[in-house]
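# Structure at a glance
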Number of protein chains: 2
Amino acid sequence: MQVDTLIHARWIIPVEPDFVTSAIAPGIALPLASQQWYEHHSLAIDGGRIVDLLPTEFARQKYQGTVTEHLDDHALLPGLINCHTHAAMTLLRGIADDLQLMDWLQNHIWPLEQKWMSEAFVRDGTDLAIAEMIRGGTTCFNDMYFFPEITAAQAVHYGIRASIGLIAIDFPSVWAENSEEYIEKGLALHDQLRHEPLITTAFAPHAPYTVSDEPLKKIRMFADELELPIHMHVHETLHEVEQEQAKTGQRPLQRLQELGLVNPSLLAVHMTQLSDDEIRMMAEAGAHIVHCPESNLKLASGFCPVAKCLDAGINVALGTDGAASNNDLDMFGEMRSAALLAKAVAGDARAVPAMTALRMATINGAKALGLDQVTGSLTIGKAADVIAVDLSNLETQPLYCPVSQIVYAAGRQQVTDVWVAGKRLLNRRNLTTMNIDDLKAKAGEWRQRLAA
Amino acid sequence: MQVDTLIHARWIIPVEPDFVTSAIAPGIALPLASQQWYEHHSLAIDGGRIVDLLPTEFARQKYQGTVTEHLDDHALLPGLINCHTHAAMTLLRGIADDLQLMDWLQNHIWPLEQKWMSEAFVRDGTDLAIAEMIRGGTTCFNDMYFFPEITAAQAVHYGIRASIGLIAIDFPSVWAENSEEYIEKGLALHDQLRHEPLITTAFAPHAPYTVSDEPLKKIRMFADELELPIHMHVHETLHEVEQEQAKTGQRPLQRLQELGLVNPSLLAVHMTQLSDDEIRMMAEAGAHIVHCPESNLKLASGFCPVAKCLDAGINVALGTDGAASNNDLDMFGEMRSAALLAKAVAGDARAVPAMTALRMATINGAKALGLDQVTGSLTIGKAADVIAVDLSNLETQPLYCPVSQIVYAAGRQQVTDVWVAGKRLLNRRNLTTMNIDDLKAKAGEWRQRLAA
């Protein structure tokens, strides 16, 4: 049978389902990480979808690839899903480090944004981010930033999957005057993007402390009607929780619950402040948490109790946050940081094992975005959002377990190939839809302006 | 004037002295990171030493290099110093993850070591580690493991600088029967290595809970006589501190102090349990701390209060620990983890700024090892332990501050060139003294044996 792409790989880590059939190539029988991958299997891709996953010896007989790849040293895994980005802020990478959150925001980031925010800033910053994400194995990102129509257009143009934030904040910006206009423009953008196959939208009210009740009620209503996620910074710092408590006697999450926002559509980002009761409430409500460990560390925001949340049954996804507070869009680094940090925070080295970190960076992200029928695992019928990681590097030798190597030892530079909906965006480390010299030249121009 | 090597670089970050002369190229005047680097400067190397650091326009007139390098997109910095390794354990990378410390040690690591420990294990594991370290910009490592004479021989053979641990532990091993024999063999090895220019030695009693008073007293006496550092795991976990307190009423550090070991020769590794009094005691004694953030996280050992220690005036160096508990020997990752984690632990995003992390990975390591007259900074007269980092990658754009990019955004794969004592060990990513295919083949053979 003819298919668009046939990939023969040393390892395939589908993430879901855990066992396709136990009869087929069970992987090396190690005590810690058995049955999580297939060896010498192949992935058949046609019409942008995964149509088969089977042992290579059978794949050779059954399929003929228009393109055939032999990835003898590689693991294939689902494309990574970065569930919290401000892509355009990549232009601010490293412009202001090692500052207290409010000093950083009020004296550095916000003035720069105020001065330079424009369609061009968002376009060029998003392009740089998309290139970095593709090169690092990210196939889908969930963004929150000004000029979301530009972010969407660039994602479509370069072929990466994106969930575009329909932003809302009480303050005027160059993009909208007031919360009515934010919501109106958001709804119009949602309509406009409805038929883009790679794009979905999510409401993105900035945070409890920057969006008042009225717009939040409207957003809740529209989110229910349109079945859209709500992507929001929640309990990022102790400071914001204490301020709200001092003002109203209520913690922000409680207010969100009373407004009806704590439900399966909520992606609560950061969540460094969580009581056991709040964890229970989030779990019962089916709300999602987006954990951003490196941003939380860098801004000294606090520690999200990830192991407790997972144990309670909350779906926890991963995000890098913007490059201004990370300073990269590296989901390999974020998986590793999440796995390491969770152990120390829980006081238990068994917390967030490697496979759990990989799930957080893939299927959990897809679930949070309502995209788990589309992406997040190498499951037959899903879109072919696939990445290949070369594990033959010296730094990933000896190899006892490919999942351990991917999470604890590999770097994102070991990603060699990336497909989104079957289209190859990275080919042996080369971007196929973007010109890297142009991107660097643009970054250089912005550097001149912003550092001036 | 003829010199062996002349390197023209886009940036040079000497680490020390902070300002060679303020008149020369002060760097971009950014608020956060001014005066930490030179632009368009050159490094002249002769007879294994740094003989000059000057603006490139003058260097071209003054020097003729037998080898001349133009590193137009690169930062030159001192080679990184990994102050805590068990190099040979690289063969155990990823063989047992996500386990509690004692389960990990007693049921996985120790039985494997017991079964396989040999000269061949140490030789092959150390080779793999040295290759990984060189490729990642590490020019000096401080090791603690069995068969230290093999580790020393491999370091000499491949040209990397090393501080070799003269190990001691109360238990018999394939290397020595009892603490007398450990110390005797250590002293003999120290004598034997005395004239190796790249090698120094340090006593390496394993930990307070595994070495009794008598051998520690002897070690203290010999360390005083020979002016050697003492490299020891101290207060790695709460558990070990509580056990000692329950047994003797004393915390381990107090016992070490009473034995006279808390002094400027002590490198106390881990130190996740530290009271304010103990911090003061360490500072007053001039003892050093080796912080291993990723190992401490992965084994859920606890958090070293790094910012407090630095504020108290303690010299804090960095180490990766062995690859079995990290799972890499990546000092770029370790700098980044140290900077990020310190902020969250201190609750202050200003803690451990990028330049401090770079100092911890260079000059602080040299000070801890008593090598600060030899290495740890690009200072005229010191050995030419130099690395070049290519900052032109998309992932380090735009570039406002090279120090920020090195610590927060760059990966170790951006290290292109490495010199130790003027000898080039990495040339445009190629190892000059090691065969990478042989190393991978050896790692594959050990994998077969160890996983069997």
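Residues numbered from 1 in each chain as written. Chains lettered and ligands numbered in written order. Predicted model: local features only at pLDDT ≥ 70, side-chain atom pairs only at ≥ 80, totals over all residues. Heavy atoms only, no water.

From N to C terminus, chain A includes 16 helices and 16 strands. Overall size of chain A, expressed as C-alpha extent along the three principal axes, is 65 × 45 × 45 Å. The burial tally for chain A puts 66% of its 452 residues in the buried class. Looking at chain A alone, contacts between residues at least 24 apart form 73% of all its contacts between residues at least 6 apart. Across chain A, the centroid of the 35 positively charged side chains sits 3 Å from that of the 56 negatively charged ones. (Helix = DSSP H or I, 4+ residues; strand = E, 2+ residues; numbered from the N terminus. Buried < 20%, exposed > 50% of the residue type's maximum accessible area, 1.4 Å probe, protein only. Contact = heavy atoms within 4.5 Å. Lys, Arg positive; Asp, Glu negative; His and termini not counted. Charge placed at Lys NZ, Arg CZ, Asp CG, Glu CD.)

Right, let's get into the interface of chain B and chain A. Counting from both sides, the interface comprises 62 residues of chain B and, opposite them, 62 residues of chain A. Taken over both partners, the interface formed by chain B and chain A buries close to 5,500 Å², and the fraction arising from carbon and sulfur atoms is 60%. Among the residues chain B hides against chain A, the three largest losses belong to Asp98(B), Leu394(B) and Tyr400(B). Together they make up 15% of the total. The interface formed by chain B and chain A holds eight salt bridges in total. The residue Arg336(B) makes a salt bridge to Asp328(A) at a minimum N-O spacing of 3.3 Å. (Buried area = accessible area lost by both parts, 1.4 Å probe. Salt bridge = Lys/Arg side-chain N within 4 Å of Asp/Glu carboxyl O.)

Read from one edge to the other, the open sheet built from eight strands follows the order E3-E2-E1-E4-E13-E14-E15-E16 (chain B), with strand pairing classed as mixed. The strands lining the two open edges of the sheet, one partner per strand, are strand E3 (49-55) and strand E16 (430-431) of chain B. (Pairing = 2+ DSSP bridges.)

With that settled, consider the state of the cysteines. For the structure shown, the criterion picks out zero disulfides over all chains. Cysteine Cys304(A) remains unbridged, with the sulfur of Cys309(A) as its closest cysteine sulfur at 4.7 Å. By relative accessible area, Cys304(A) is classed as buried at 4%. Unpaired in terms of disulfides, Cys83(B) finds its nearest cysteine sulfur in Cys140(B), a separation of 7.0 Å. (Disulfide = S-S within 2.5 Å.)

This next bit is on helix H2 (residues 101-116) of chain B. Residues and elements named next belong to chain B. Where H2 bends most, at Ile-109, the angle is about 35 degrees, and the proline Pro-111 comes one to four residues later. Here H2 has its buried residues at Leu-101, Trp-104, Leu-105, His-108, Ile-109, Leu-112 and Glu-113. Packed against the buried residues of H2 are helix H16 (436-451). (Bend = angle between axes of the 7 residues up to and from the residue.)

A few words on the packing of aromatic side chains. To describe a pair of aromatic rings, you give the distance between the ring centres and the angle between the ring planes. By the definition in use, this model includes nine aromatic pairs over all chains. Each ring, one from Trp175(A) and one from Tyr182(A), has its centre 6.1 Å from the other, and the planes form 45 degrees; the classification is tilted. Residue placement shows Lys298(A) over the ring face of Tyr408(B); its charged tip is 4.6 Å from the ring centre. When the ring centre of Trp11(B) is taken as reference, the NZ or CZ atom of Arg10(B) above it lies at 4.5 Å. (Phe/Tyr/Trp six-rings, centres within 6.5 Å; stacked < 30°, edge-to-face > 60°. Lys NZ or Arg CZ within 6 Å of the ring centre and 35° of its normal.)

All names here are of chain A. In this structure the tally under the stated criterion is 52 salt bridges over all chains. The partner of Glu-132 in a salt bridge is Arg-412, with the nearest N and O atoms 2.8 Å apart. With Glu-132 in helix H3 (residues 119-135) and Arg-412 in the loop between helix H15 (402-409) and strand E14 (415-420), the pair connects residues that are 280 residues apart, well separated along the chain. A single burial state applies to Glu-132 and to Arg-412, both of which are buried. For Asp-330, the salt bridge is made with Arg-412, and the minimal N-O distance between the two is 3.6 Å. Of this pair, Asp-330 sits in the loop between strand E12 (315-318) and helix H12 (331-346) while Arg-412 is found in the loop between H15 and E14, placing the two residues 82 residues apart along the sequence. Exposure class is identical for Asp-330 and Arg-412. Each is buried. Salt bridges sharing partners connect three or more residues here, namely Glu-69, Asp-417, Arg-424 and Arg-428.

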